[in-house]
Amino acid sequence: MFPGGRGHLISLAIVFSQRQNLKNVSILCHYVHLQKLELPYNRIKDLSCVSHMPYLIMLDASHNELSEFFGFQPPKNLKEVNFSHNQISAMKDLSAYASLSKLILDCILLNEVSSTMNSCTMSKYSVIPASFIVRDVIGLNVIISDNSFSEIRGLEKCSSLTHLSIVLDLSSNRIQSLSGLQNLHFLGSINLESNLIREIKEATYVHDLPLLRELNLKRSPVQEQPDYRLAVIFLLHRLTHLDEQAVTAEEKVSAVNKFDPPLEVGAARDHMTHVVYQHMQPQVIFDSTLPSLDAPYPMLILTGPQACGKRELAHKLCQEFSDYFAYGACHTTRGPYFGEEDGCDYHFVLEEEFQNMIRMGCFVQTMQYGGHWYGLSREAIESAAREGLACCIHMELEGVFSLKNSYFEPRYVLLIPTSTKEYISRMKARGLYSNGQIDTAVSRINLYVKINKERPGFFDSVISSGTNLDQVKCTKVRDRLSFIEFPVKTTIKYKLFIFSKKKKKKAKYKYNNCFFSIYRFNYLPLLHLSFFSGDSLSVFPQLQSSVLLVACILAVQVIPNTFSGVEVWTLGWSVHCPASFFDVSVSISQ
Ligand SMILES: Nc1ncnc2c1ncn2[C@@H]1O[C@H](COP(=O)(O)OP(=O)(O)OP(=O)(O)O)[C@@H](O)[C@H]1O
């Protein structure tokens with residue numbers, strides 16, 4: 001029945017595509033040199049003959065009637081075993097099978113696991129590869145695919161799985177959750193292809209597995225979730241392969257930028273948004289850009305965690321030093337607290353209006369905090385600048401990061417609570433905040449402390465915030481900021497003097513139906529051209545040289561927004577320049 005020369009046969013395959021009636025293979029105990037034995041699709045119940053095969057490396061006994069798990073003495077070098085499609089219901093300790101690296105257990109009816117090391121009773125649907133105590137085996141493959149498992153239970157009781165770096169193949173089941181894998185600290189690779197996992201958050205169950213490098217969720221409904229790949233990469237940052245595809249460094253960076261952007265990235269995005277929307281609007285000269293090229297418009301930003309007292313301080317400063325500061329009221333989508341007046345603390349607007357304002361380029365900076373939008377409008381700054389006052393604003397750290405990207409150069413003062421206890425009782429005393437809001441605010445104190453510590457000079461001044469904002473504190477802030485050289489009301493106005501023969505503050509000219517005004521500031525001319533409908537464009541060639549002259553000195557950008565013809569002559573020196581090239585934008589409007 002079996003081939004001759006049995007003493008030296010090293011590989012034997014008895015393979016049928018359909019089940020055959022081979023039951024007794026005891027004769028194989030004479031084939032002591034066998035290294036590979038393939039006996040699938042038979043009716044074998046007893047494999048004790050394998051005890052006589054000390055050199056056996058690979059055994060395929062799938063599709064048989066085995067009820068005993070490893071019912072033979074351990075061949076020393078046995079590496080790969082396939083027991084799929086058998087009737088094994090109990091499993092045992094495999095510590096004697098030191099070389100075992102791959103064990104395939106598809107479609108077996110596991111009811112119970114018993115071992116010398118542990119014993120746990122499992123339901124039919126538990127996915128249990130056994131209690132493998134195989135020391136120093138790296139890369140043990142456990143393949144339990146093509147079953148109908150709908151959940152993963154009991155794996156953590158299998159001590160081998162908590163001691164080995166293993167590959168776990170659970171493909172083609174009906175598994176919906178990764179719950180059950182969270183304690184298998186040595187899992188290196190999980191194959192969950194063709195299962196029923198739907199939610200990205202399931203990945204959090206395997207988030208803490210330190211050795212997990214490969215996860216396969218191909219052909220699972222979760223793949224249809226928006227941003228699926230980046231989200232999983234973000235949650236499982238140690239992965240090197242997702243869905244059998246290498247995770248690139250670019251993907252890892254994109255994932256972090258998308259789901260937990262560093263402050264700089266969030267700020268850059270915010271700044272970019274507002275610059276783009278602002279440039280889509282007709283360009284005008286802003287009062288805040290007029291003072292000087294070397295002494296930018298003065299602004300004071302008070303920053304610190306919510307309710308640290310910066311808002312009160314801002315109001316106080318503006319009251320006490322009304323010749324220096326004007327309060328810059330931001331816009332917000334949160335509703336007013338009791339006693340808050342529209343336009344005083346904030347401009348309270350609805351979400352839709354806020355979003356419209358973003359698209360209209362009204363904001364210099366925006367931020368979401370506590371589920372509400374906050375934004376510093378250009379008009380808030382301009383209305384202070386028009387009065388010749390420095391704008392005083394309070395905002396969170398993210399706002400500071402964003403503003404640092406703009407051409408504004410405010411002074412930043414950090415108010416930091418020194419006593420968490422006092423800070424919490426201050427928040428509680430306000431009676432406005434839930435415990436969650438208080439926790440968030442408290443947790444952000446460290447963020448401010450960290451930035452202040454790691455980036456010397458990021459804040460121009462740091463003061464501790466307390467419960468009382470008295471006169472002393474205002475004076476203290478002013479004293480500390482004396483180096484700012486606050487403008488007095490007159491500074492801006494008087495510096496704007498005339499660039500005309502008549503020595504008027506602002507000269508308006510009419511030329512060929514065109515009105516244009518010329519300012520002179522710090523001896524540098526600044527042109528403001530305004531046109532009315534029906535203007536003759538013939539003025540342009542004549543103006544061109546003077547505009548170019550001005551452009552050389554001050555780098556003034558003239559942006560046409562109504563006359564397409566204007567583009568022709570501005571094209572050469574305006575359109576092709578990067579936005580930051582120009583110090584001032586001047587509009588030509590109808
Ligand atoms: N434009 C803005 N950009 C960033 N942060 C802002 C902006 N406007 C306001 N904030 C900040 O948003 C946070 C929430 O503002 P809100 O006024 O709702 O809180 P509050 O409970 O009144 O606290 P506070 O007394 O600090 O203002 C505050 O820290 C506030 O300074």
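Note that the structure is a prediction, hence the values are computed from the model and not measured. (Residues numbered from 1 in each chain as written. Predicted model: local features only at pLDDT ≥ 70, side-chain atom pairs only at ≥ 80, totals over all residues. Heavy atoms only, no water.)

1. Some thoughts on the side chain of Arg311
For clarity, the cut-off: Working definition: helices are DSSP H or I runs of at least four residues, strands are E runs of at least two. Numbering for both runs from the N terminus. Think of it in three bands: with a 1.4 Å probe and only protein chains considered, a residue is buried below 20% of the maximum accessible area for its type, exposed above 50%, and partly exposed in between. Any two residues whose heavy atoms approach within 4.5 Å are treated as being in contact.
Here Arg311 shows up in helix α4 (residues 310-320). Take Arg311: its relative accessible area is 15%, and that puts it in the buried class. Apart from the residues within four sequence positions on either side, Arg311 is in contact with Tyr327, Arg334, Tyr337, Glu340, Asp345, Tyr346 and His394.

2. Structural notes on the nonpolar core
Defined as follows: By nonpolar core we mean a set of buried residues, namely Ala, Val, Leu, Ile, Met, Phe, Trp, Tyr and Cys, connected to one another through side-chain atoms within 4.5 Å.
Counting 58 residues, the largest nonpolar core has Met299, Leu302 and Leu376 as the members making the most contacts within it. Setting aside anything within four residues of it in sequence, one finds Leu376 in contact with Met299, Cys330, Cys362, Phe363, Val364, Gln365, Ile381, Ile393, Met395 and Leu403.

3. Digging into the pattern of salt bridges
Rule in force here: Any Lys or Arg side-chain nitrogen located within 4 Å of an Asp or Glu carboxyl oxygen qualifies as a salt bridge.
In this structure the tally under the stated criterion is 15 salt bridges. One salt bridge in this structure joins Arg229 and Glu251, with 2.7 Å as the shortest N-O distance. Placement of the pair is Arg229 in helix α1 (residues 228-235) and Glu251 in helix α2 (residues 249-259), with a sequence separation of 22 residues. By the burial criterion, Arg229 is buried, and Glu251 matches it.

4. Observations regarding the site of the ligand
Keep this limit in mind: A cutoff of 4 Å decides nearness: a residue is near a molecule or strand if any of its heavy atoms lies inside that distance of it. For the purposes of these results, a polar contact is taken to be a pair of N or O atoms within 3.5 Å, where, inside protein, one atom must be able to donate a hydrogen and its partner to accept one; residues adjacent in sequence count only when each atom of the pair is a side-chain atom. Note on areas: Shrake-Rupley, 1.4 Å probe, and residue coverage restricted to the protein chains presented here. Under the scheme applied, nonpolar residues are Ala, Val, Leu, Ile, Met, Phe, Trp, Tyr, Cys and Pro; charged residues are Asp, Glu, Lys and Arg; polar residues are all the others, including Gly.
Contacts to the ligand come from 19 residues, most closely from Arg311, Arg334, Tyr374, Glu396 and Tyr433. Separating an oxygen atom of the ligand from a side-chain N or O atom of Tyr346 is a distance of 2.5 Å. One of the side-chain N or O atoms of His394 is found 2.8 Å from an oxygen atom in the ligand. Contact with the protein chains covers 100% of the free accessible surface of the ligand, which is 590 Å². Contributing elements (two or more residues each) for the shell around the ligand: α4, β19 (363-369), β20 (372-377) and β21 (390-395). Considered class by class, the residues forming the shell around the ligand number ten nonpolar, four polar and five charged.

5. Describing helix α8 (residues 420-430)
Worth spelling out the cut-off: Picture the helix axis, draw a direction to every C-beta atom, and the arc is the one those directions span.
Looking at α8, one finds that the buried residues are Tyr423, Arg426 and Met427. Here the buried residues of α8 occupy an arc of 95° about the axis, which is enough to place them on one side. Seen from the open side of α8, the exposed residues pointing more than 90 degrees away from its buried face are Lys421, Lys428 and Ala429. Close packing links the buried residues of α8 with α4, β22 (411-417) and α9 (435-454). Just downstream of α8 lies Gly431, where phi reads positive at about 65°.

6. Focus: the sheet that holds strand β15 (residues 299-303)
The test is simple: Think of it this way: DSSP has to see at least two bridges between two strands before they count as a pair. Here an angle of 0 to 180 degrees is reported between the N-to-C directions of two axes, which are lines fitted to C-alpha atoms, with helices fitted over the stretch in contact.
Within the open sheet, the five strands sit side by side as β16-β21-β15-β22-β23. Their pairing is parallel. Here the strands that pair on one side only, and so sit at the sheet edges, are β16 (325-327) and β23 (461-465). For this sheet the average axis-to-axis angle between neighbouring strands, irrespective of direction, equals 25°. Relative to β22, β15 is paired through four bridges, and the arrangement is parallel. If you follow Thr303 over to β22, its bridge partner there is Leu414. Docked against the sheet, α4 engages β15, β16, β21, β22 and β23, running at close to 135° with respect to β16. Seen against the sheet, α9 touches β15, β22 and β23 and runs at an angle of roughly 130° to β22.

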